[in-house]
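Structural characterization, general
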Amino acid sequence: LARRDARRHYVAVITKIGGGKENAKKTEWDAKFKSGEVEAGYLLVDYYVRRQQRDQALRALEDLHKRVPDDQDLVLDLVKAYKDGRKFQLAVDTLQELLKIAPSREREIYSMISAIKTEERKDGEAEEWMKKALAKSPNDPAAYEHLAENYVAMQRFPDAIAAYEKTVQLDPHNSKAEFALAQLYVQGGEPMKAAELLRKVLRTASEEETI
């Protein structure tokens, strides 16, 4: 993480200087990466992202991924780039590759695929993947919260309410989920339920911002 932050800070300094120095460094990184130096590839990716050159950043990410397929952070960056470019199937395929090298992240990967399917407006597949995630951690409030958010995106509000209710049952101090649930109660014509829930937040919350 420290190395990643240092690299991004270095690229930020180079782009701030700009001009000939920036062009020279970019040319240097490009040449080194082509000759096989992996670190130069990371610098190129950060450079293109910094300069908001999405197509070049994606190509650099793909090339770098081929050379360091086990870098999980890089895989997630590649997934994000595919999503931003609305290349949803490539994003899903890449996450399934990640599952092979990081089986311990199974629930997280299933949740991410579900979110992609929701964005792609394939609600049935999104629900299927989220249920797979829940099956891996049936008592994880974060999984239910993510499911609720997906249901809201699908405009399936009764299902969203049920998922948020399970979230706050498992995590009674999750004020974010409680506020979302209260809003859904109001939208669903149950303001008294919302008021009761918000009174409970007032009784139990300790953070001034939440109160």
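What counts as what
Residues numbered from 1 in each chain as written. Predicted model: local features only at pLDDT ≥ 70, side-chain atom pairs only at ≥ 80, totals over all residues. Heavy atoms only, no water. Axes fitted to C-alpha atoms, helices over the stretch in contact; angles between N-to-C directions. Helix = DSSP H or I, 4+ residues; strand = E, 2+ residues; numbered from the N terminus. Parallel < 35°, antiparallel > 145°, perpendicular 65-115°, else oblique. Left-handed = near helix turned anticlockwise from the far one by under 90°. Contact = heavy atoms within 4.5 Å. Core = buried A, V, L, I, M, F, W, Y, C linked by side-chain atoms within 4.5 Å. Buried < 20%, exposed > 50% of the residue type's maximum accessible area, 1.4 Å probe, protein only. Salt bridge = Lys/Arg side-chain N within 4 Å of Asp/Glu carboxyl O.

**With respect to the packing of helix H11 (residues 175-187) against helix H12 (residues 191-204)**
Two elements in contact, H11 and H12, have axes whose closest approach is 7 Å; the angle formed by their N-to-C orientations is 160°. In terms of orientation, H11 lies roughly antiparallel with respect to H12. Note on packing geometry: the crossing formed by H11 with H12 is left-handed. Residues Glu178, Phe179, Leu181, Ala182, Tyr185 and Val186 of H11 pack against Pro191, Lys193, Ala194, Leu197, Leu198, Lys200 and Val201 of H12.

**Overview of the nonpolar core**
By size, the foremost hydrophobic cluster in this structure holds 56 residues, and its most contacted members are Trp29, Leu64, Leu95, Leu98, Ile116 and Leu181. Broken down by element, this core gets its largest block of residues, 7 residues, from helix H3 (residues 38-50). Each residue touching Ile116, except ones within four places of it in the same chain, is listed here: Val79, Lys83, Phe88, Ala91, Val92 and Leu95.

**With respect to the side chain of Thr15**
By the element assignment, Thr15 lies in helix H1 (residues 2-17). Accessibility expressed as a relative area gives 8% for Thr15, which makes it buried. In this structure, Thr15 is in contact with Glu22, Tyr47, Arg50 and Arg51, ignoring residues within four places of it in sequence.

**Regarding the pattern of salt bridges**
Counted by the stated rule, this structure contains 25 salt bridges. Among the ionic pairs, Asp140 bridges to Arg107, the shortest N-O distance being 3.2 Å. In this pair, Asp140 is assigned in the loop between helix H8 (123-136) and helix H9 (141-153) and Arg107 in helix H7 (residues 106-119), connecting sequence segments 33 residues apart. Arg107 gets classed as partly exposed once you look at its relative accessible area, which sits at 24%. Residues Glu149 and Lys176 are paired through a salt bridge, measuring 2.9 Å at the closest nitrogen-oxygen approach. In this pair, Glu149 sits in helix H9 while Lys176 sits in helix H11, placing the two residues 27 residues apart along the sequence. Among the charged side chains, a salt-bridge network with shared partners connects Arg3, Arg4, Arg7, Arg8, Glu39, Asp46 and Asp77.

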